[in-house]
Amino acid sequence: MRVLLTGAAGFLGSHLADALVADGHSVFGIDNLCTGSLRNLEHLKRDPRFEFLEHDICQPFDPGHVDYVLNFASPASPVDYYRLAIETLMVGSAGTRNSLEIAKKYGAKFLHASTSECYGDPSEHPQTEEYWGHVNPIGPRSVYDEAKRFSESLVMAYHRYYGVDTRLVRIFNTYGPRLQKDDGRVISNFMMEALTDKDITIYGSGDQTRSFCYISDEVEGILKLARTDEHLPVNVGNPVEWTILDCAKMVLRVTGSKSKLVFCTLPEDDPVQRQPDISKARSLLGWEPKIDLETGLKLTLDYFRSCTEVPVASSAALGTD
Ligand code: UDP
């Protein structure tokens, strides 16, 4: 298959690119690099099965014939989507539409990266796909939440009105190598703080919960969904729920760090709890995550260690030959 992958230089996108190329597919990756990095694709540069175009998908584009479209372009960490608020709204609307147009034009299958943020600050727990969510439509997180909810609506409309063969994956918190070290997410912050002996910054009391999925599990679930004919949303995440405080303690254990825990202000509308009900993924995909948080953090340790290393200025840069 020839696959169009938007957001190819991002954390999820680049891991998907690796898995697709390893499976023998050709990948046409697009990214405007607003949060993604070419470093994530460095190893694919000379692979003939991988092409890359630096482009903002909000502007029309045409990769030529493709068999599948995986739509993964969007800022995704709260810090990034606060900074890139309008861009986030636009990529979830105009960008998703342009990607859907490619699928329509070439008769390609389509899978869209949606999110647990569709559930907002959920009043049902754990969250099943039937839950409609509890989202503040005008709060600071709304630029991401509503963009993703609009995308879901647009994807379903292209399916219903134009017969595009679509899928929606609702992704819960995912972590692993290639997370941006400064994306402000909890795992990135805690790992970087622990490895540099800085205080671990817990927002609020740390009683709020998240459920963390290791990247290889997430990629496996997404690609299994891509092979089905399910058009309605499917949760793909790790159902083991952690308080942020316990997550911080696990980071201290895995890193062996002596950093202190400090408590800071909780961001506005920060969801109190998050846990996917993955019954649908289990029965439909025969999938469930294999890697627990402790193992996943250990697998991520070398990556974050490398992020703490300050590059040594070369002699050329110093002008000494
Ligand atoms: N969080 C924290 N300290 C940090 C970064 C995040 O306590 O340095 C908390 C944040 O308030 C939230 C949870 O960790 O309750 C997850 O935050 P993240 O930004 O990773 O993603 P979210 O699930 O909120 O989109």
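Presented here is an overview of the structure given in this document. All values derive from a computational prediction rather than experimental measurement.

Thresholds, definitions, all that
Residues numbered from 1 in each chain as written. Predicted model: local features only at pLDDT ≥ 70, side-chain atom pairs only at ≥ 80, totals over all residues. Heavy atoms only, no water. Pairing = 2+ DSSP bridges. Helix = DSSP H or I, 4+ residues; strand = E, 2+ residues; numbered from the N terminus. Axes fitted to C-alpha atoms, helices over the stretch in contact; angles between N-to-C directions. Near = heavy atom within 4 Å. Polar contact = N/O pair within 3.5 Å; in protein donor to acceptor, adjacent residues only side chain to side chain. Areas by Shrake-Rupley, 256 points an atom, 1.4 Å probe, with all protein chains shown as cover. Nonpolar A, V, L, I, M, F, W, Y, C, P; charged D, E, K, R; others polar. Buried < 20%, exposed > 50% of the residue type's maximum accessible area, 1.4 Å probe, protein only. Right-handed = clockwise from strand over helix to strand, strands pointing away. Contact = heavy atoms within 4.5 Å.

**Some remarks on the sheet that holds strand S5 (residues 109-115)**
Neighbouring strands of a sheet are bound in pairs by backbone hydrogen bonds; such pairs are parallel or else antiparallel. Ordered in space as S3-S2-S1-S4-S5-S6-S11, the seven strands form an open sheet in which the pairing is parallel. The sheet terminates laterally at strand S3 (50-54) and strand S11 (234-236), the two strands that pair on one side only. Here the strands of the sheet are splayed against their neighbours by 20 degrees on average, with no regard to which way each runs. One ladder, built from four bridges, connects strand S4 (residues 68-71) with S5; its direction is parallel. Counterpart to Asn-71 in the pairing with S5 is His-112.

**Section: the site of the ligand**
Near the ligand you find 17 residues, and of these Val-186, Thr-201, Tyr-203, Arg-210 and Asp-270 are the closest. Contacts to the ligand include Tyr-203, whose backbone N or O atom sits 2.8 Å from an oxygen atom. Between an oxygen atom of the ligand and a side-chain N or O atom of Asp-270, the distance comes to 2.5 Å. When the ligand sits alone it has 520 Å² of accessible area, and the protein chains cover 95% of it. When residues of the shell around the ligand are traced back to their parent elements, those giving at least two are helix H5 (186-195) and strand S8 (200-203). Partitioning the shell around the ligand into residue classes produces seven nonpolar, five polar and five charged.

**Brief notes about the pairing of strand S6 (residues 166-171)**
Buried residues dominate S6, accounting for six of its six residues. Covered by surrounding structure in S6 are Thr-166, Leu-168 and Arg-170 together with Arg-167, Val-169 and Ile-171, the residues of both alternating faces. Across six bridges, S5 lies against S6 in parallel orientation. Bridging from a neighbouring strand, Thr-115 pairs with Ile-171 of S6. You can see the chain leave S5, run along helix H4 (residues 142-162) and come back into S6, and the turn it takes is right-handed. As defined by bridge partners, S6 adjoins S11 across three bridges and the pair is classed as parallel. Residue pairing for S11: Val-169 is matched across the bridge by Val-234.

**Structural notes on the side chain of Thr-228**
In this fold, Thr-228 is placed in the loop between helix H6 (215-226) and S11. Residue classification places Thr-228 among the buried residues on the basis of a relative accessible area of 14%. Engagement of the side chain of Thr-228 in a polar contact is seen with the backbone oxygen of Leu-225, the distance being 2.8 Å. Those residues in contact with Thr-228 that lie beyond four places of it in its chain are Arg-167, Leu-284 and Leu-285.

So yeah, pure geometry; function would need other evidence.
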